[in-house]
Amino acid sequence: MLLLQSEIASILLNGLQQGAIYALLGIGLTIILGTMEFLNLAHGALYLVGAYVGLIVFQETTLTNGFLYSIGITSLGFDGGFLAAIVLVPVIGFGIGLLMERFVAEPFYDRPETDQLLVTFGLALIVEETIKNVIGGNTFQSIAPSTLFGVNVSQPVSLPFVGLFPSWRLLIIVITFFVIGVTYLAIERTDFGLVVQAGTRDSEMVRLLGIKINRSYSLVFALGAALAAFAGLIGASIQTISPQIGTTQALVPAFLTIVVGGAGSVRGAIAGGMVLGLIISAMTQTYSQWAQIVLYLFVALMLVFRPQGLFGTAEVGE
Amino acid sequence: MSSDAPEQSADATETEAQSTAAEAAAEAAAAHAEEAAAAVAEGDHLLSMEAVDAYYGQSHILRDLSMHVEEGEVCALLGRNGAGKTTTLRSIAGARPPDVRDGTVSFKGENITERSTEDISSLGISLVPEERRVFPNLTVEENLHLSDVARNWSNTFGRDVSMDHPGMTTAEVYEVFPRLEERASQKAGTLSGGEQQMLAIARALKQDTDLLMLDEPYEGLAPQIIETVEDAIEQIAEKGTTILLVEQNAVAAMNIADRAYVVDQGSIVFAGDSEELRADERTRERYLGV
């Protein structure tokens, strides 16, 4: 099949957009795995929480219904609400991350990996079932705002080489890359990041240098959780929302991302996310029914021929 | 290192045959330990270990081990592979495992047995571990900067780090190891074994260290590099930093140590100054194979 130039361009853009969400998820998972050697199967639950907080904000801020309508504010709408959610969701994720680290993860740091998997998987199920019971198991439409800062983001824009491309998706690329960039700088350019990077390789040696890495642990966990929740909000703005997405749209892709990128590597998570995003995007545009098969086959081949991933040095799970 | 493995197993059989002699030596050491205990009461020693029992899981590694290190000296802890040297250092540094189930470790008169690794490090004990353990994903400069981070964070979080021997600056450690300055922006993982050893020592020197513990600093190094590292250690010792040097290579260690302990099967079997150990052929042959 011959692809038009515009098709290739839109594969790239869609790939970047999906890849950025995978990267957000992968960064959180990989820094928690790398620093604390803690496998967090509840990572997808944080994505789920982010998506549903976004949904609740959406429901409460619409022009015809919800909390704001009931108290007489009818002019703000979800467009203002989405801005609120962009701030609120990472903060909530951060808080949940701190609590999770203290009460769920910390007691299990010295326990076998199977125990960590069981407790975090259990937590993921609890979150999923709670959402089913409280909000319902039904599927909701995605919750993209129609305008942001007065700019219409619901209409496609015309791009060179690409042609028409949804402006909201374009904006998502900008927002997510900004967040990824800030996170990357925080890890690469600050003392906190230096300790985290050192800790991903040899946390005992960091402690032997007199650095209280436990404090960094809570911060790392909270940061990872905030990124996952943020990814959930972004994901919810382009994909349907249901209680299963924590696993299908977040946990599994996050693991695939760090398998491709290399466990413990932030750069790897970014690169891994992009590679997977591009594969998905290319397959969806061409042979969409083969997308999942090709995706998993690719990751399986990575595991066989480059188990340390693109940027990792140790094998996953080592 | 691999070349002397067969020799070690031969020694082990020999040791078993002479276990009564070892016990006698251990008794002598125990007497020495009592003496040490008396001195601790007066707060004389920089570091002292009193009747420490340490375990790795179910294995009893350190058995009633007692030793002390005086301010300003270079003290060697010798013994063959598996004798308990590294376990001793890890017990002092608060690294777990081993699990210290009995006995006390004191530093500057303070009981540090139960203190965390971070606290013990902040109190002024630095460990240069056997495998060097520089951070391969960080540059030389970043590896060194971590010691500054440790100090800054300790200060920020309200710890009083008034040390007798404040750490060197990066410029000062580059004077000791000019090679590291040339490699400053290189990832530590790309350094040679000797350079990594220099970096591991340099990193410890940047800490506010009153007791520098070196675990087999010469292991796996080429002869000229050993000389460089040896010179550096001597330079550090001359500046008054107390050093506890663990070595399998007894000859190299005795070159720079004032005093030595010999450890075997987790207990001290010899304590004395380097001259005494040189003269004590039986101890050297039995426990050190030299």
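Residues numbered from 1 in each chain as written. Chains lettered and ligands numbered in written order. Predicted model: local features only at pLDDT ≥ 70, side-chain atom pairs only at ≥ 80, totals over all residues.

Chemist: What is the right way to look at the overall build of chain B in this model?
Modeler: Counting its secondary structure elements, chain B contains 12 helices and 10 strands. Of all 290 residues assigned to chain B, the portion counted as buried reaches 46%. In chain B, the share of contacts with a sequence separation of at least 24, taken over all contacts with a separation of at least 6, comes to 70%. (Helix = DSSP H or I, 4+ residues; strand = E, 2+ residues; numbered from the N terminus. Buried ≥ 20, exposed ≤ 12 C-beta atoms within 10 Å, placed from the backbone. Contact = placed C-beta atoms within 7 Å.)

Chemist: Which parts of the structure should I look at to understand the interface of chain A and chain B?
Modeler: It is common to give the size of an interface as the accessible area lost on bringing the parts into contact. Across the contact, 15 residues belong to chain A and 22 residues belong to chain B. Partitioning the side of chain A that touches chain B into residue classes produces seven nonpolar, two polar and six charged. (Nonpolar A, V, L, I, M, F, W, Y, C, P; charged D, E, K, R; others polar.)

Chemist: Can you walk me through the nonpolar core in this structure?
Modeler: In terms of nonpolar packing, the biggest core is built from 172 residues, with Leu24 and Ala229 of chain A together with Met213 of chain B touching the most fellow members. The dominant element in this core, judged by the number of residues it contributes, is helix α8 (residues 213-236) of chain A, at 16 residues. In contact with Leu24 of chain A, not counting residues within four places along its chain, are Thr176, Val179, Ile180, Leu227, Phe230 and Ala231 of chain A. (Core = buried A, V, L, I, M, F, W, Y, C linked by C-beta atoms within 7 Å.)

Chemist: Before we go on, may I ask you to explain the sheet that holds strand β10 (residues 267-273) of chain B in this structure?
Modeler: Strand pairing in a sheet relies on backbone hydrogen bonds, with the paired strands running either antiparallel or parallel. All names here are of chain B. Taken together, the six strands give an open sheet; going across it, the order is β6-β7-β8-β3-β9-β10, and neighbouring strands pair in mixed fashion. The outermost strands of the open sheet, each flanked by one partner alone, are β6 (125-128) and β10. Recorded for the sheet is a direction-independent mean angle of 15 degrees between the axes of neighbouring strands. Relative to strand β8 (residues 242-247), strand β7 (residues 211-215) is paired through five bridges, and the arrangement is parallel. Directly across from Leu211, in β8, lies its bridge partner Thr242. In this fold helix α9 (residues 223-238) packs onto β3 (74-78), β7 and β8, with an angle of close to 150 degrees to the strand it touches most, β8. (Pairing = 2+ DSSP bridges. Axes fitted to C-alpha atoms, helices over the stretch in contact; angles between N-to-C directions.)

Chemist: Looking at this structure, I do not really get the packing of helix α6 (residues 167-189) of chain A against helix α7 (residues 191-208) of chain A. What am I missing?
Modeler: Residues and elements named next belong to chain A. In the contact formed by α6 and α7, the axes pass within 5 Å of each other and the chain directions differ by 75 degrees. Taken as axis vectors, α6 and α7 run roughly perpendicular relative to one another. When α6 is examined against α7, the residues Ala186, Ile187, Glu188 and Arg189 are found in contact with a partner set consisting of Phe192, Gly193, Val196 and Gln197. (Parallel < 35°, antiparallel > 145°, perpendicular 65-115°, else oblique.)

Chemist: Can you help me understand the confidence of the model for chain B in this one?
Modeler: One rule of thumb: low pLDDT means the predicted coordinates there are not for detailed reading. All names here are of chain B. For chain B, mean pLDDT is 85; residues scoring 70 or higher make up 82% of the total. Per-element mean pLDDT across chain B ranges from 44 in helix α1 (residues 5-17) up to 97 in helix α3 (residues 85-93). Predicted complex, confidence summary: ipTM 0.83, pTM 0.78. (pLDDT = per-residue confidence, 0-100.)

Chemist: Teacher, can you tell me more about helix α9 (residues 245-261) of chain A here?
Modeler: For an α-helix, 3.6 residues make a turn, and residues three or four places apart therefore share a direction. Residue and element names in this part refer to chain A. Given a rise of 1.5 Å per residue, 17 residues ought to cover 24 Å, and the 22 Å separating the end C-alpha atoms of α9 matches this to within 8%. Taken across its 17 residues, α9 has 14 buried, putting it largely inside the fold. Immediately beyond the C-terminal end of α9, within one or two residues, lies Gly262, with a positive phi of roughly 110 degrees. (Expected span 1.5 Å × (residues − 1).)

Chemist: When you look at the sheet that holds strand β2 (residues 59-69) of chain B in this model, what are you seeing that I'm missing?
Modeler: Residues and elements named next belong to chain B. Judged by pairing direction, the sheet is antiparallel, and its four strands sit side by side in the order β2-β1-β4-β5 without closing on themselves. Every interior strand has two partners, whereas the edge strands, β2 and β5 (110-111), have only one. Sheet topology places strand β1 (residues 47-56) next to strand β4 (residues 99-107); seven bridges connect them, and they run antiparallel. Its bridge partner being in β4, Tyr55 is matched across the sheet by Asp99.

Chemist: Sorry if this is basic, but what is going on with helix α2 (residues 43-61) of chain A here?
Modeler: For α2 of chain A, spanning 19 residues, the distance from its first C-alpha to its last is 28 Å, which sits close to the expected 27 Å at 1.5 Å a residue. For α2 of chain A, the buried fraction is high: 16 of the 19 residues fall into the buried class.

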